[in-house]
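# Geometric and topological summary
Now for the letters of each chain:
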Amino acid sequence: MSTDYDVIVAGGGTAGTAAAIAAARDGARTLLIERHGCLGGAAAVRNVLTLCGLYTLGETAHQAVGGIPGEVIDRLRQFDAITPPQRFRGVFATFEPEALKRIFDQMTEEAGVDTRFGAFVTGATRDGDRIASVRYADHGGETTVTAGAFVDCTGDGDMAAHGGASTRYGNEDGVNLGTLGTRFGGIPKGVTVTAQQISDAVAARGFPPGTVTKDRCVIVRLPFSGDMVVYLASADYDPRDAGSLSRAEADTRRQAWAYLTAIQTIEGCEGAYLVSTGPEIGTRESRHLNCRTRLTWDDIASRRSFDDCIALGAWGAEWHDRDSFVSSFDYPPDKATYQIPLSCLHSVDTPNLFCAGRLADGDRKGGAAIRVMGTGMATGQAAGIAASLTAGGAFSAVETIDRLRAAGAFLTPEQTFPVPA
Ligand SMILES: Cc1cc2nc3c(=O)[nH]c(=O)nc-3n(C[C@H](O)[C@H](O)[C@H](O)COP(=O)(O)OP(=O)(O)OC[C@H]3O[C@@H](n4cnc5c(N)ncnc54)[C@H](O)[C@@H]3O)c2cc1C
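Residues numbered from 1 in each chain as written. Predicted model: local features only at pLDDT ≥ 70, side-chain atom pairs only at ≥ 80, totals over all residues. Heavy atoms only, no water.

## Looking at the site of the ligand
Applied cut-off: In these notes, residues near a molecule or strand are those with any non-hydrogen atom within 4 Å of it. Each polar contact in these results corresponds to two N or O atoms within 3.5 Å; when the atoms are within protein, one needs to be able to donate a hydrogen and the other to accept it, and residues that are neighboring in sequence are counted only if both atoms are side-chain atoms. Residue-level accessible areas treat just the shown protein chains as cover; the underlying method is Shrake-Rupley with a 1.4 Å probe. Strands here are runs of E lasting at least two residues and helices are runs of H or I lasting at least four, both read from the DSSP assignment and numbered beginning at the N terminus.
The environment of the ligand is formed by 31 residues, the closest being Glu-34, Arg-46, Thr-50, Asp-158 and Met-373. The contact in question runs from an oxygen atom of the ligand to an N or O atom on the side chain of Arg-35, over 2.9 Å. A total of 990 Å² of accessible area belongs to the ligand in isolation, and the protein chains cover 97% of it. Breaking the shell around the ligand down by element, the ones donating at least two residues are helix H1 (14–25), strand S3 (50–52) and strand S8 (120–127). Per-element accounting of the shell around the ligand gives the leading share, three residues, to S3.

Here it is as structure tokens:
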């Protein structure tokens, strides 16, 4: 059968972009389909501007990712667009989204990825146990494209669900809350705003019940502008349903304006103003692809070894509760790295389908630990190489690992190295 592409990646977030670059560098004719006009996903269109999963969480942070995420860090540094490791519960780095968007354009172009912006995946067909084609809509109508292997990085599992692969929504014991990333300007760079000050300011405003949701989160300042970013305005909704999503979008934007009035009461923040919301609400969790392995928190807590380890995780288990709007965080054992297997990115019933990023298969806590963007770029790189091999008819976990190693991916703790804060 002739195909248009070797590999088709749906969704150009941090995971999908890494997957497409990895597949193309591996020699695969690669199509990347993205509904927005830029790459980066949450990092570009949801104001999620803190990269987690790059560093271990102990006293001395070690860089836990090499390969494509390692290159992204280096390129962000060349733009002076990323901070050194910072701490709030975990260890992360804050970055400028415009620099990341430009870097992803450069890296996909250099790799020879065929990128389609403004293209929404609306369908997929199946031939036996394999996905055969994907349909996307743009202003010209609908187009069908074929490939030998597919990577779903839509976060919502759209391609997998349309293609009849086994998926599930969230986990049996719950689905994480969604939150609107919000950016405030007009706060002088010398003014420090703490999470406690925000909590106190929200309490002191005495909002009527239902006006706002969360009162505590990480607070960061962006490297170029000094704009302050918070993840506060939250909603309980179903991202698969446009009606539910629309109510959440509007309600969290209303909340953002209420939070502004609280922030303006903090000393030094009297001139604060709203720079941007989102533009879209951040869905932390939606569908997962049901894969050959579901990574559990027990696997992580016991530092389980996998023969098919393709990346090191470093982040902990976050839970953002839909009823209480309270967030909690569990650290990984020893605040050190743990192994992520390829089999939690490989569909259980569709051999030519892989996933990465927040679609990766994990239980409530395991999935929450590996979905973050630094780790998502690492799982994306692995999924891209595995898909390239599959398209060539020669999928093997051993060969995927060999190629990942050759591409600089970190697969053992010995490869990690300390990074000054
Ligand atoms: C409020 C909030 C705070 C967070 N905080 C952090 C943090 O501090 N650090 C961190 O590392 N992570 C954080 N996360 C988690 C992180 O943002 C996600 O887990 C991560 O972005 C997942 O990457 P991804 O590439 O899998 O998905 P996404 O970033 O969601 O990218 C998916 C891409 O697919 C595209 N897409 C979706 N459907 C289709 C379709 N049908 N057709 C075409 N394109 C499609 C989307 O436009 C998007 O570009 C946070 C998340 C939220 C919501």
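## Digging into the packing of helix H3 (residues 67–78) against helix H4 (residues 97–111)
Test applied: Each axis is a line fitted through C-alpha atoms, and for a helix only the stretch in contact is used; angles between axes span 0 to 180 degrees, taken between their N-to-C directions. Just so you know how the angles are binned, under 35 degrees is roughly parallel, over 145 roughly antiparallel, 65 to 115 roughly perpendicular, and the rest oblique. Helix crossings are classified by the rotation of the near helix relative to the far one: an anticlockwise turn of less than a right angle makes the crossing left-handed, while a clockwise turn makes it right-handed. Only heavy atoms enter the contact rule, under which two residues are in contact if any of them lie within 4.5 Å. Classification convention: Asp, Glu, Lys, Arg as charged; Ala, Val, Leu, Ile, Met, Phe, Trp, Tyr, Cys, Pro as nonpolar; all other residues, Gly among them, as polar.
Contact geometry of H3 with H4 gives a least axis separation of 10 Å together with a crossing angle of 125°. In terms of axis orientation, H3 runs oblique to H4. Both H3 and H4 take part in a crossing whose hand is right-handed. Only Ala-99, Leu-100, Ile-103, Phe-104, Gln-106, Met-107 and Glu-110 of H4 make contact with H3, whose side of the interface consists of Ile-68, Glu-71, Val-72, Arg-75 and Leu-76. Grouping the constituent residues of the contact of H3 with H4 by class yields eight nonpolar, one polar and three charged.

## Some points on the confidence of the model for the protein
In regions of low pLDDT, the predicted coordinates are not meant to be interpreted in detail. Here is the rule: Confidence of the predictor at the level of single residues is captured by pLDDT, which takes values from 0 to 100.
Of the residues in the protein, 100% have a pLDDT of 70 or more, and the chain-wide mean is 97. At the level of individual helices and strands, the protein shows its lowest average pLDDT in strand S5 (residues 86–88), which scores 93, and its highest in H1, which scores 99.

## With respect to the nonpolar core
Counted only if it meets this: Among the buried residues, those of types Ala, Val, Leu, Ile, Met, Phe, Trp, Tyr and Cys that are joined through side-chain atoms within 4.5 Å form a nonpolar core. Only protein chains enter the accessibility calculation, which uses a 1.4 Å probe. A residue is then buried if its area is under 20% of the maximum for its type, exposed if over 50%, and partly exposed in between. A domain assignment, automatic or from a database, supplies the domain bounds used here.
Counting 81 residues, the largest nonpolar core has Leu-51, Tyr-55, Val-72, Leu-76, Phe-95, Val-151 and Ile-310 as its most contacted members. The element that contributes the greatest number of residues to this core is helix H10 (residues 373–391), accounting for nine residues. Here this core gathers at least three residues from each of two domains, domain 1 (5–172 + 286–411) and domain 2 (178–277). Tyr-55 has contacts with Ala-61, His-62, Gln-63, Ala-64, Ile-73, Arg-77, Pro-85, Val-91, Phe-92, Ala-93, Ala-314 and Val-419, leaving out every residue within four places of it along the chain. Counting 31 residues, the second largest nonpolar core, distinct from the first, contains Ile-198, Ala-256, Leu-260 and Ala-262.

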